[in-house]
Amino acid sequence: MAAGIVHFRVDDRMLHGIVATDWVPAYNATRAMVIDGPASTNDLVRSGLKMACPGGVALSVLAPEKAAENMKAGKYASQRVFVVFRYIKSAYALFQAGIEIPQLNLGNVTQNKGETVTLDKTVRVSPEEMKMLQEMAAAGVKVTARFRFSDPETDLGTHLN
């Protein structure tokens, strides 16, 4: 795993109540990193994310390319960074950039329209996302579903074969 990264999660709500009050503290994170291209350039979204970020926790809102560049440079080695992707495609972009993702938690993936596959009660993926997850799983990424930190973890490996 990239130095300093403590967890990778996909949640289409990004940094919000459950992530800010449940997940970030559970990992003793010193930085919350939201990875989403459009959010990284939208001042209104960035402002909202800053308000949602727990006190004493730094916030980064980055496009996947910039996040990968910073991770490869070891920029977060002395920190504890909780990474949340808005979409699976952003996690896949980091994976393709060579960032090691030992485990990817799918927390809330519900914004897909049209044809979807339900992997868990809060996880519905498109056929394109399913292919991305299958490729990641085949390369050794453990893909799980877990909404709240206190919920039991579900290994989605059997769904991705």
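That block above? That's the structure.
Residues numbered from 1 in each chain as written. Predicted model: local features only at pLDDT ≥ 70, side-chain atom pairs only at ≥ 80, totals over all residues. Heavy atoms only, no water.

A. Spatial organisation of the overall build of the protein. When helices and strands are counted, the protein shows six helices and nine strands. For the protein, whose C-alpha radius of gyration is 15 Å, the value lies close to the compact-globule estimate of 15 Å for 161 residues. Split into buried and exposed, the 161 residues of the protein put 50% on the buried side. Taking all contacts inside the protein whose residues are at least 6 apart in sequence as the whole, residues at least 24 apart take part in 69%. Here the protein displays about 7600 Å² of accessible surface, and carbon together with sulfur accounts for 50% of that area. Placing the 18 positive and 16 negative side-chain charges of the protein at their respective mean positions leaves the two points 6 Å apart. (Helix = DSSP H or I, 4+ residues; strand = E, 2+ residues; numbered from the N terminus. Rg over C-alpha atoms; globule rule 2.2 N^0.38 Å. Buried < 20%, exposed > 50% of the residue type's maximum accessible area, 1.4 Å probe, protein only. Contact = heavy atoms within 4.5 Å. Areas by Shrake-Rupley, 256 points an atom, 1.4 Å probe, with all protein chains shown as cover. Lys, Arg positive; Asp, Glu negative; His and termini not counted. Charge placed at Lys NZ, Arg CZ, Asp CG, Glu CD.)

B. Just the side chain of Arg 31, in detail. In this fold, Arg 31 is placed in strand E2 (residues 31-35). For Arg 31, which is buried and forms no salt bridge, the nearest opposite charge comes from Glu 69, at a distance of 14 Å. Separated by 2.7 Å, the side chains of Arg 31 and Ser 60 make a polar contact. Once residues within four sequence positions are removed from consideration, Arg 31 is found in contact with Val 57, Ala 58, Leu 59, Ser 60, Tyr 76, Gln 79, Arg 80, Val 81 and Phe 82. (Salt bridge = Lys/Arg side-chain N within 4 Å of Asp/Glu carboxyl O. Polar contact = N/O pair within 3.5 Å; in protein donor to acceptor, adjacent residues only side chain to side chain.)

C. Representation of the side chain of Asn 105 in the model. By the element assignment, Asn 105 lies in strand E5 (residues 103-108). Assessed through its relative accessible area of 1%, Asn 105 is described here as buried. Of note is the side chain of Asn 105, whose polar atom sits 2.7 Å from the side chain of Arg 9. Leaving out residues up to four positions away in the same chain, Asn 105 has contacts with His 7, Phe 8, Arg 9, Val 10, Trp 23, Thr 144, Ala 145 and Arg 146.

D. Highlighting the pattern of salt bridges. For the structure on display, the rule yields seven salt bridges. The salt bridge partner of Glu 69 is Lys 66, with a shortest N-O separation of 3.3 Å. Within this pair, Glu 69 and its partner Lys 66 are both found in helix H4 (residues 64-72), separated by three residues, close to a single helical turn. Note on Glu 69: relative accessible area 48%, which makes it partly exposed. The salt bridge partner of Arg 146 is Glu 153, with a shortest N-O separation of 3.9 Å. According to the relative accessible area criterion, Arg 146 is buried, its value standing at 14%. If you follow the salt bridges from partner to partner, you end up with Arg 9, Asp 11 and Arg 13 in one network.

E. Focus on the packing of aromatic side chains. Summed over the entire model, instances satisfying the criterion amount to seven aromatic pairs. Note on Trp 23 and Tyr 27: the rings are 6.3 Å apart at their centroids and 10° apart in plane angle, and the pair reads as stacked. Taken as a pair, Trp 23 and Tyr 27 share a single burial class, namely buried. Ring geometry for Trp 23 versus Phe 149: centroids 5.4 Å apart, planes at 90°, classification edge-to-face. On the criterion of sequence distance, the pair formed by Trp 23 in helix H1 (residues 17-26) and Phe 149 in the loop between strand E8 (142-145) and strand E9 (154-155) is long-range, its members being 126 residues apart. The class for Trp 23 is buried, based on a relative accessible area of 0%. The exposure class of Phe 149 is partly exposed, given its relative accessible area of 30%. One aromatic cluster is present, formed by Trp 23, Tyr 27, Phe 82 and Phe 149 through successive ring pairs. Lying over the aromatic face of Phe 149, Arg 146 brings its terminal NZ or CZ to 4.5 Å of the ring centre. (Phe/Tyr/Trp six-rings, centres within 6.5 Å; stacked < 30°, edge-to-face > 60°. Lys NZ or Arg CZ within 6 Å of the ring centre and 35° of its normal.)

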